[in-house]
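As a plain string of letters, each chain reads:
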Amino acid sequence: MSTTPSRDSATTTCPVARPVARHTPPPARTAGRARTATTTAGWVALAALVALLSGCAGTTSTGSEDATPHGGEAGLALPDLGTVTIAGLPGRVWLGVGLVVCALGLAFGVTVVAQLKRLPVHGSMRAVSELIYTTCKAYLVQQGRFLLVLWGFIAAVIVVYYRVLVGFDWGRVAVVIAFSLVGMAGSYSVAWFGIRVNTYANSRTAFAALRGRALPLHRIPLRSGMAIGMVLISLELAIMLVILLFLPGDLAGACFIGFAVGESLGAAALRIAGGIFTKIADIGSDLMKIAFKIKEDDARNPGVIADCTGDNAGDSVGPSADGFETYGVTGVALVTFVLLGVPDPGVQAALLVWIFVVRAVMIAASGVSYTVNDLWASRRYAGAERMDFEKPLTSLVWLTSAVCIAATFATTWLVLADGTPGLWWKLATIISCGTLAGALIPELVKVFTSTGSRHTREVVASSREGGPSLNILSGLVAGNFSAYWLGMAIVVLMGAAYLVSELGLADVMHAPAVFAFGLVAFGFLGMGPVTIAVDSYGPVTDNAQSVYELSGIEQVDEHALAEELGGAPTWQHAKQLLEENDGAGNTFKATAKPVLIGTAVVGATTMIFSIIMGLTDGLTTGLENLSLLHPPFLLGLVAGGSVIYWFTGASTQAVTTGAYRAVEFIRTHIRLDGTAAASEADSRRVVEICTQYAQRGMLTMFLGVFFTTLAFAFVEPYLFVGYLLSIALFGLYQAIFMANAGGAWDNAKKIVETELHANGTPLHDATVVGDTVGDPFKDTSSVALNPVIKFTTLFGLLAVDLAVQLSGQGRHTLVLVLAGVFFLASTYFVHRSFYGMRIESRATPTDAQGVAATDDDAAADDDPTGALLPQQANPADDAVPTRV
C-alpha cells in the first residue's frame, strides 16, 4: 500500500503539500543578478564615502610620531597599573593570575572535548552527528568568507577616519585594524568550537538514552555547554588582559575599540545569518509533518539534516559569537567610562585592576558552582529512570549567582578597601544587582515559556478548540505579559543600582549612575560560563532527538546493540526521555535571550555616555541639547523605533522567503515510498537554500544598518544620541516580546507531543503552525537585535566623531550632503530587504483561450487559488527557483 499522500488529502491538509513531478532546478540567474546588484551597490556607496572623505584631507594633519594622539576612544591611554597594590602585590601580578585562570578555563574546554569524544556511541549515530558537523563546517567556511567581505566595509572606514581625518600614523591605524580582525576571529573561533563540542555531545546523548537512565541525558549536554562557556569567557578575558599587560598604555584605546568593533561585526553576521538559516530549515522541516503526516525528524524528509545544521548555526554558532561579543563590549564600555569619567589616574588604575580581577574570580566561581551542582545532581538522580530536567539547571543558575555575589564582595573588599572609604561595598552591591538579575530573569522567563507554565498550557488549551488562530493569539499574550514583568524587574534592579550610586560615588567620578548601569551589565555577565552553558544545552538536546531518528537505531541488530549497552535498549522510554530533555532545553534557551539583550541595552548606555562626554566637553557645555526641548534629540528618539521595526520585519521576511523556497523544494523531492532516507544530494540542496537566503538577508540588513548609522550620525550629533537610546529601548522590549512569545509556542507543541501524545491530530497541527510563527520570533529577529544594538553604538562612536570633526573644519555643508547620500543608500537597502526578498507567485499564466503558456500546467491545476494571485510582469528579484 502506498504511503505517498494522495492529491486530495494533501491539498485539504495543507497548501504546501502538493506533490508534483521531480525535476532539476534551473540556474539561479535572477538570484545572481539580485545578489550582484546588492553587493555592487554596497561597494559603490562605500567607494563614494572613501572618495568624499579623502577630499577632506587637505586641512587635516597627517600626524607624526610624536604628535599627541587624538580621535576619541582610540586615543585614550591607560594609567600605570603598577601603582596599584593588593595584599602587598602589584596590580599587574594579580592580572597575571587572571591569565592563569583563563588558561585553566581553556584547558577545561579542551579536556571536555577529549572526554566527549571518548564516550560510547553507536556507529550509526556517530555517522549522523559527523554528517551534521560536516554541513555545519561547510556553512561556517562560507560565513567566514562572507565576514571578510563585510570587514572590508569597516576597515575602509577605519582607515579613512583614523588616517585621513584624525591623523593617526599608519602604525596606530594598523593596530586598530589588526585588533578588529582579532575580535572578529575570536567570535568566529568560539562559534567553531561550539559546533564541534555540540556535535560530539548530541550523538553521545542519544546513545545514552538507550540505557533508560535520565542522569546522563542531563550531564552530557550540560558538560558540553560548560566547555563552551568556559572557553568563550576565558578567551575573551585573556585577550583583554594581554592588551592591559603587554601592550603600551597609549595604544590601549585603539586596541580596545578595534577589538570591540571586530567582535561586534562577527557576532552580528553569525547571529543574524545563523538565525535566518536555522528557521528556514526548521520551518521547512516542520511543515512536512502537517503536509504528509510524518513523524518528527523522519529520515525521508530532505529538510531534517538542514534542520540539525540550523540547530547549531542558529542556537550554537550565533549565541557563542554573541556571548563572546557581549562580554567583550561590556568590558570595553567599562574601561572607556573609567578613562573618560574618572579624573584621578590613581583611582582609574585601581578600578581597572578591580574590574578584571573580579572577572577572573567569577570564572573560577562559575567552575566551582558547576562542580558542586554536578555532584549534587549525580547523587540525587543516580539510577533514576525519570527526572525533572529543569531542576538541576535551575539550581545551577541560583547557586552560581549566590557564589558569584559572595566572591564579588570578597574580591572587591580585597582590592578597594584601602581606597575611598565605603567605595568597595557600594560597587560590590551594584554588581550584585546585575548578578541577581542573571538568576531572576530566567525564573521570570520560565513563567511564560516553560512546559509547566500556565501561559504555555493556555496556548495548548486555546489550540484545542480555536486551532492555529487562538494558538497564535495566546502566544502573543504570553510575549506581551513577559515584556511587562521582565521590564519591571530590570527597572527595579537598575533603580537599586542608581540609588547606591548616589551614596557618594560622585566624589570620584562623573555621572556615577551611568557607571552603575554599566556595572549592572557586568553583573549580568558575571556568571557568563553558566549562562552560556544552559543556553548551549538546548541545541544538544534538540539534535539528540534527530540523531536518534536519523540513525535508524531501532533497525540495527538488537543483540549486538545490547552487548554495547550492557543491557537491552529501552526504545520507547529512550524517546520519551529525549523529548522531555528537549523541553528543558527549549526553556533554558529562552532564559538566556533576555539576559543577553538586557546586557546589550544596559551596556549600550555606558557607550552612549562616551559619545555624550565627547559632545559636551566632559559634561560642561551643550547639556541642554539632551532634552525633548531640543527637536533633533526628539526626532532621533522617533527614528530609532522605526529602524527596530524595519529590522525585525526584514529578518522575518528573509526567513519567510527562504522557508517558502525550502518547502517548495522539499515537497517536490520528498519520497515516502520505497526509500528509507532522503538522498544526501537533496539534503545538501536544502542546506544550500538555507545558506543562500541567510547570506542574502544578512548582507542587505547589515548594509541597511551600516548606512543608517552613518546617516543619522551625520545629520546632527544629538539626534544620533536620541537614535541610539531609542534603538536600545525599543529593541529591548521588541526582543523580549518576540523571544518569549516564540518560547511559549515552542513548548506548547512540546506538551502536545510528550504529555498528550497527540502527534498527527488537528491539535498538533495547530501547535506546529504556532511554533513555525514563533521560530523567527525567538531565534531570528529577537536575538539579532542584541548585536545590532551594540554594533550600531560602537560604530556610532566613530561615525559621530567623524561628523563633528568635519563640521569643526567648516565643512558642515559637506556633512549634510554626506548624510543625504548615506540616507539614500540606507533606504535602498531597506527597500531591497523586502522587494529583493519577496516571494514570487508560481501560478502559471494562461493565454486568452485558457491554454497554459508552459508545459508545467499540472502543478498550477493543483492549486485552485493560484489563479487569484497577482502575476509578475517582470522576473522576481528573489530567485532560488526550484520549479521550471
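Before any of the text, the structure's been laid out above.
Bear in mind that the values here come from a model prediction, so they are computed numbers and not experimental data.

What to know about the overall build of the chain
- For the chain, the count of helices and strands is 22 helices and two strands.
- Across the 884 residues that make up the chain, the buried fraction comes to 64%.
- Summarising the internal contacts of the chain: among those between residues at least 6 apart in sequence, 87% fall at separations of at least 24.

A closer look at the side chain of Ser 369
- Mapped onto the fold, Ser 369 is located in helix H9 (residues 345-380).
- Residue Ser 369 is classed as buried on the basis of its relative accessible area of 1%.
- Setting aside residues no more than four positions away along its own chain, Ser 369 makes contact with Leu 396, Leu 399, Thr 400 and Val 403.

Quick notes on unusual backbone geometry
- Phi is positive for Ala 511, close to 45 degrees, though the residue is something other than glycine.
- Position of Ala 511 among the secondary structure elements: in the loop between helix H12 (454-501) and helix H13 (512-524).
- One non-glycine residue, His 757, lies in positive phi territory at about 50 degrees.
- Mapped onto the elements of the fold, His 757 is located in the loop between helix H19 (717-754) and helix H20 (762-808).

Focus on the packing of aromatic side chains
- Inspection of every chain in the model, using the stated rule, returns 26 aromatic pairs.
- Ring centres of Phe 834 and Tyr 835 lie 4.8 Å apart, and the angle between their planes is 85 degrees; this geometry places the pair in the edge-to-face category.
- Residue Phe 834 is classed as partly exposed on the basis of its relative accessible area of 38%.
- Using a relative accessible area of 39% as the deciding quantity, one classes Tyr 835 as partly exposed.
- Site record: aromatic cluster; members linked through ring pairs are Phe 702, Phe 706, Phe 707, Phe 714, Phe 791, Phe 795, Phe 822, Tyr 828 and Phe 829.
- We note Arg 172 situated over the ring of Phe 168; from NZ or CZ to the ring centre the distance is 5.2 Å.
- Lying across the ring of Tyr 200, Arg 196 places its NZ or CZ 3.8 Å from the centre.

Some words on the packing of H9 against helix H10 (residues 390-416)
- H10 packs onto H9 with a crossing angle of 145 degrees between their chain directions and a minimal axis gap of 8 Å. Read as a crossing pair, H9 and H10 show a hand that is right-handed.
- In terms of residue class, the contact of H9 with H10 is made up of 20 nonpolar, eight polar and no charged.

Description of the packing of H12 against H19
- Two numbers describe how H12 lies on H19: the axes approach to 8 Å, and their chain directions differ by 145 degrees. Judged by the sense of rotation from one axis to the other, the crossing of H12 with H19 is right-handed.
- Each residue belonging to the contact of H12 with H19 can be placed in one class, and the counts come to 18 nonpolar, nine polar and one charged.

So, how was this worked out
Residues numbered from 1 in each chain as written. Predicted model: local features only at pLDDT ≥ 70, side-chain atom pairs only at ≥ 80, totals over all residues. Heavy atoms only, no water. Helix = DSSP H or I, 4+ residues; strand = E, 2+ residues; numbered from the N terminus. Buried < 20%, exposed > 50% of the residue type's maximum accessible area, 1.4 Å probe, protein only. Contact = heavy atoms within 4.5 Å. Phe/Tyr/Trp six-rings, centres within 6.5 Å; stacked < 30°, edge-to-face > 60°. Lys NZ or Arg CZ within 6 Å of the ring centre and 35° of its normal. Axes fitted to C-alpha atoms, helices over the stretch in contact; angles between N-to-C directions. Left-handed = near helix turned anticlockwise from the far one by under 90°. Nonpolar A, V, L, I, M, F, W, Y, C, P; charged D, E, K, R; others polar.

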